[in-house]
Amino acid sequence: MMTVLPNNNSGETNFANDPALLSDVLRPYARPKTEYLKSATVAVSDGLASAEGRFAIPFPCYIDDTGHLNSVEVNICFNQLMYYLIAKCVQERALSAFDAWSMEDYWAKQLPDILIARFSSNFKRPIDSADFSGEVSFAEFAETNRSRPVLKVDMPWRFWDENGGYAEGEVRMALVDPPGMKLRAA
């Protein structure tokens with residue numbers, strides 16, 4: 001069900017947190033309890049979209065608590081917010097890049113066909129992993145079609161806390177065999 005927040009007269013559409021969708025998106029993270037994303041909103045404007053989320057990491061899933069957000073956790077948090085952003089755009093038919101997608105397509109592709117091709121990060125100041133925020137955005141879409149159809153998506157991201165902690169970076173996503181995109185004959 002769509003919950004649209006009042007728009008700010010800029011042509012932007014905002015979607016409120018959707019707890020049911022978030023729970024479904026985070027289902028792969030139930031083991032070993034790495035459901036770090038607690039809530040998320042999505043904004044769509046001018047053919048692009050972004051998601052802002054609230055996170056909490058009670059304890060790291062692979063190491064003793066460092067007291068700050070580290071690169072492994074940033075990658076997990078990015079994934080969770082990116083998955084939610086794509087799912088919400090598909091669910092609400094909010095972005096033309098996903099017009100051919102159904103929710104069934106999304107669930108089938110979430111883990112095997114939505115891949116990180118490149119991940120860069122720059123940690124400016126330590127972030128308190130117990131309570132922080134983050135944002136991921138679609139910056140650019142490009143289709144490639146060599147051995148199989150791929151939708152490449154450049155996605156800047158940033159995470160911050162209330163005490164000035166800050167990290168940012170960019171990810172190139174590869175959405176393999178996206179619905180509506182066929183292999184071109186050579």
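Residues numbered from 1 in each chain as written. Predicted model: local features only at pLDDT ≥ 70, side-chain atom pairs only at ≥ 80, totals over all residues. Heavy atoms only, no water.

Section: the pairing of strand β7 (residues 140-145)
Within a regular strand, side chains alternate between the sheet's two faces.
Link 1 in the chain: In this structure, β7 lies alongside strand β8 (residues 149-160), joined through 6 bridges in antiparallel fashion. Along β8, the bridge assignment pairs E140 with D154.
Link 2 in the chain: Hairpin connection between β7 and β8: a loop of 3 residues separates the two successive antiparallel strands. (Pairing = 2+ DSSP bridges. Helix = DSSP H or I, 4+ residues; strand = E, 2+ residues; numbered from the N terminus.)

Overview of the packing of aromatic side chains
Link 1 in the chain: Following the criterion strictly, the structure yields 11 aromatic pairs and no others.
Link 2 in the chain: Consider the rings of F98 and F141, whose centres lie 6.1 Å apart with planes at 80°: the pair is edge-to-face. With F98 in the loop between α2 (71-92) and α3 (103-109) and F141 in strand β7, the pair connects residues that are 43 residues apart, well separated along the chain.
Link 3 in the chain: By relative accessible area, which is 2% here, F98 ends up buried.
Link 4 in the chain: Overall, F141 belongs to the partly exposed group, its relative accessible area being 23%.
Link 5 in the chain: An aromatic cluster is built from F55, F78, F119, F132, W157 and F159, whose rings are joined through pairwise contacts.
Link 6 in the chain: The ring of W160 is capped by R158, whose NZ or CZ atom sits 4.2 Å from the centre of that ring. (Phe/Tyr/Trp six-rings, centres within 6.5 Å; stacked < 30°, edge-to-face > 60°. Buried < 20%, exposed > 50% of the residue type's maximum accessible area, 1.4 Å probe, protein only. Lys NZ or Arg CZ within 6 Å of the ring centre and 35° of its normal.)

Looking at the pattern of salt bridges
Side chains that differ in charge, positive against negative, can pair when their charged atoms come close.
Link 1 in the chain: Tallied over the full model, the rule gives 10 salt bridges.
Link 2 in the chain: Its salt-bridge partner being R172, residue D154 comes within 2.7 Å of it at the nearest N-O pair. With D154 in strand β8 and R172 in strand β9 (residues 166-176), this residue pair connects regions lying 18 residues apart in the sequence.
Link 3 in the chain: Judged by its relative accessible area of 12%, D154 falls in the buried class.
Link 4 in the chain: The network of salt bridges with common partners includes D18, K88 and E92. (Salt bridge = Lys/Arg side-chain N within 4 Å of Asp/Glu carboxyl O.)

Overview of α2
Link 1 in the chain: Its 22 residues give α2 an end-to-end C-alpha distance of 31 Å, which sits within 8% of 32 Å, the value for a rise of 1.5 Å per residue.
Link 2 in the chain: Burial runs high along α2: 18 of the 22 residues are buried.
Link 3 in the chain: By the N-cap criterion, in which a side-chain oxygen at the helix start approaches the backbone nitrogen of a residue two or three places on, α2 is capped by N70, the distance to V72 being 3.1 Å.
Link 4 in the chain: Looking at the residues trailing α2, positive phi occurs at R93, about 55°. (Expected span 1.5 Å × (residues − 1). Polar contact = N/O pair within 3.5 Å; in protein donor to acceptor, adjacent residues only side chain to side chain.)

All we've got here are geometric facts, nothing functional implied.
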